[in-house]
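Secondary and tertiary structure notes
Each chain, written out:
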Amino acid sequence: MLSVDLLSVSYGAIRAVREVSLRVEEGEIVALLGPNGAGKTSLISAVIGLVPVASGKVMLGDVDITRKKPEDIVRLGVTMTPEGRHIFGDLTVDENLRLGAAVRKDKAGVKKDLDELLAMFPILQERYNSRAQTLSGGEQQQLAIVRAMMSRPKLLMLDEPSLGLAPQLVEQIFQLISTLRDRGVTLLVVEQNAHEALLFADRAYVLSTGQIRFEGAAGELAGSEDLMAHYLGIGAETGAPDAADAAKV
Amino acid sequence: MEYVVQQALNALSIGGEYALLALGLAIVFSVMGLVNFAHGEFITISGYTMYALFIFAAPTSAWGLLPIGILASITAAVVFERLAFRPIRNAPATTGLLTAFGLSIIVKNFFVTVVATRSKAVPTPEFFTEMITIGTINIQVLQILEGAVTGVALMLLLILLRHTNIGLAMRAASTDFNTVRLMGIRANQVVLAAFAISGFLAGLAAIFIIARRGAADPFMGFAPVLKAFVAAVLGGFGSLAGAVVGGFALGIAEVVFQVVLPESIAGYRDAFVFLFVGGLLILRPQGIFGQSAQFGDKEG
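The following paragraphs examine the structure supplied in this document.

**Focus on the interface of chain B and chain A**
With 25 residues of chain B at the contact, the number on the chain A side is 30 residues. Linking chain B with chain A are 3 salt bridges. At the level of secondary structure, the elements contributing two or more residues to the side of chain B that touches chain A comprise α5 (141–163), α6 (165–173), α7 (177–181) and α8 (187–213) of chain B.

This is the structure we're talking about:
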């Protein structure tokens, strides 16, 4: 579905992503792991057109989406929830979700998707007319995900969905994410929280200093303490390296 | 009693004019962070378009000039965006500011060179200056119209911002334009809509300004937009509700000072108004509706 070929991203003299190639097949959940500053966000931001591609190629099926505008890429069926959620705080939950479906013309389909998604994420139904900035961190993350789903994407890229969430919420968010696959969406999940992400992913890539260091089945990476320690610099039992972040919900 | 009602209506109509202009400034600023110092030129272009139509087409009724005046202002806003502001959209804020200044100077001097420095008469419907009597109170039609039109425009804008995708996108873009693009909404459309609305509101204000002055001159947009800037800052720059409240607050303050100041210093009214605004801003530097930081904007 998505194939990234020798993609590089530069900010001035700094090369954030260096000739990275990766593939995401239809129906997969792929985790893109790596420490802070590894270039994960730069990589998916370049895929969606928010930051300029220095070199390389991004294909969605047989369509070349390299250097297209984000709005055009979204209309082709790829979307992304940015790191830090970026819900529209001044708008209500309802208004956020309407913007999520702004590109769709099938009103009946939008209504049906909305009803189904609200059934899956009941807290959003409860807070439907509240201003989004009054939602808790976990609720805002759910809103960001459902908002992205409202455009009915073929490929959804989630940037750090567990960032800033309490540990018990992290598991809940990942469980919700894995149920999205049943709605026919392919997922590319960027995470620092490798342990949780690997429980739900099929395959994983590890990115460090802008380069792919590992690619393989999620189970292979998760099952090997050596690999985990080597590529992600974490022991098997300590959990997320961003535990400090997780404390402030 | 009659005096009080007269002055209240005065405050409302002046405040309405400032609100329309301040709102136009605020919409463009909130969507793309541009302080459009060329906003007054929408009024000037509107005035000269009506003048040109009056001279060359010689319409039998002045009513026909009004929609053309509004249309001219919208067109000017859209053309400015397309030709001047779009190429520098991602440049630093000062680039936008200087571009707007440049545009403003170009437009003013265009009219000075091509038409004249002195003002040119532009007719508006005589109906505007008629007086109607309600009980013992005489009111000029223009004042009632100004209040009513401002009210209707604000209501339409509210509906647009609440119930249409482009309106929601404009509100969302004020805090997070990139994420709006991730909804598949075209950045160019959002910016264009913001400019078109800004031009439309300036066009409405232009009609009333021209009706009161009865003429167009190259510098006619300067004073009203200066006041609109003050109103927008008072309300909290970038806040739409703030622009409206700031506009009316400024209108009311002007009329109050006009009334209470002794005749010998009434000429310094604006100085007193600005002093009052300055005092308010010392107490509340971010303006009435301004937020010093956006809560929930970015965490983690």
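Next, the rest of the story.
**Structural notes on the nonpolar core**
In this structure, A:L32, A:L43, A:L99, A:M157, B:V31 and B:M170 are the most contacted members of the largest nonpolar core, which totals 122 residues. The element best represented in this core is α8(B), accounting for 17 residues. Filtering out sequence-adjacent residues up to four positions away, A:M157 remains in contact with A:I44, A:V47, A:I48, A:V78, A:T79, A:M80, A:T81 and A:L188. Within the second largest apolar cluster, 48 residues are counted, among which are A:V93, A:V110, A:L143 and A:L176.

**Re the environment of A:I177**
Within the secondary structure, A:I177 is located in helix α7 (residues 167–180). Ignoring sequence-local partners within four residues, the contact set of A:I177 consists of A:I145, A:L158, A:P161, A:L187 and A:V189.

**Focus on the sheet that holds strand β6 (residues 78–81) of chain A**
Strands pair in a sheet through their backbones, by hydrogen bonds, and they do so in one of two ways: parallel or antiparallel. Residues and elements named next belong to chain A. In space, the 6 strands of this open sheet follow the order β6-β7-β8-β3-β9-β10, with mixed pairing throughout. Sheet topology places β6 and β10 (211–217) at the edges, where each strand pairs with a single neighbour. Pairs of neighbouring strands in the sheet enclose a mean axial angle of 15°, with direction left out of account. With 4 bridges connecting them, strand β3 (residues 29–33) and strand β9 (residues 203–208) associate as parallel partners. From the neighbouring strand, A31 faces β9, where its bridge partner is A204. Sitting on the sheet, helix α6 (residues 137–149) is in contact with β6 and β7 (155–159), with an inclination near 170° to β6. Those strands touched by helix α10 (residues 225–232) are β3, β9 and β10, and its axis lies near 160° from that of β10.

**Brief notes about the packing of helix α3 (residues 93–100) of chain A against α6(B)**
Between α3(A) and α6(B), whose axes approach to 10 Å, the crossing angle comes to 110°. When the interaxial angle is binned, α3(A) and α6(B) end up roughly perpendicular. α6(B) is crossed by α3(A), and the crossing has left-handed handedness. The segment α3(A) lies against α6(B), with A:E95, A:R98 and A:L99 engaging B:N165, B:L168, B:A169, B:R171 and B:A172. Its residues assigned to classes, the contact of α3(A) with α6(B) shows 4 nonpolar, 1 polar and 3 charged.

**Some details on the packing of aromatic side chains**
Remark: the centre distance and the inter-plane angle together describe each pair of aromatic rings, the angle taken between the planes. The tally for this structure, following the rule as stated, stands at 14 aromatic pairs over all chains. With centroids separated by 4.8 Å and ring planes inclined at 80°, the aromatic side chains of B:F29 and B:F237 adopt a geometry described as edge-to-face. Taken together, the positions of B:F29 in helix α1 (residues 2–32) and B:F237 in the loop between α9 (222–235) and α10 (240–260) put the pair 208 residues apart, joining distant regions of the chain. Residue classification places B:F29 among the partly exposed residues on the basis of a relative accessible area of 26%. We classify B:F237 as partly exposed; its relative accessible area is 27%. With a centroid separation of 6.1 Å and an interplanar angle of 40°, the aromatic rings of B:W63 and B:F127 are classed as tilted. A residue pair is termed long-range when its members are at least 10 positions apart, and B:W63 in the loop between α2 (39–57) and α3 (65–85) and B:F127 in the loop between β1 (120–121) and β2 (131–134) qualify at 64 residues. Taken together through their ring pairs, the aromatic side chains of B:F29, B:F37, B:F101, B:F229 and B:F237 make up a single cluster. Over the ring of A:F88 we find A:R147, and its NZ or CZ is 4.7 Å from the ring centre.

Scoring rules and cut-offs
Residues numbered from 1 in each chain as written. Chains lettered and ligands numbered in written order. Predicted model: local features only at pLDDT ≥ 70, side-chain atom pairs only at ≥ 80, totals over all residues. Heavy atoms only, no water. Contact = heavy atoms within 4.5 Å. Salt bridge = Lys/Arg side-chain N within 4 Å of Asp/Glu carboxyl O. Helix = DSSP H or I, 4+ residues; strand = E, 2+ residues; numbered from the N terminus. Core = buried A, V, L, I, M, F, W, Y, C linked by side-chain atoms within 4.5 Å. Buried < 20%, exposed > 50% of the residue type's maximum accessible area, 1.4 Å probe, protein only. Pairing = 2+ DSSP bridges. Axes fitted to C-alpha atoms, helices over the stretch in contact; angles between N-to-C directions. Parallel < 35°, antiparallel > 145°, perpendicular 65-115°, else oblique. Left-handed = near helix turned anticlockwise from the far one by under 90°. Nonpolar A, V, L, I, M, F, W, Y, C, P; charged D, E, K, R; others polar. Phe/Tyr/Trp six-rings, centres within 6.5 Å; stacked < 30°, edge-to-face > 60°. Lys NZ or Arg CZ within 6 Å of the ring centre and 35° of its normal.

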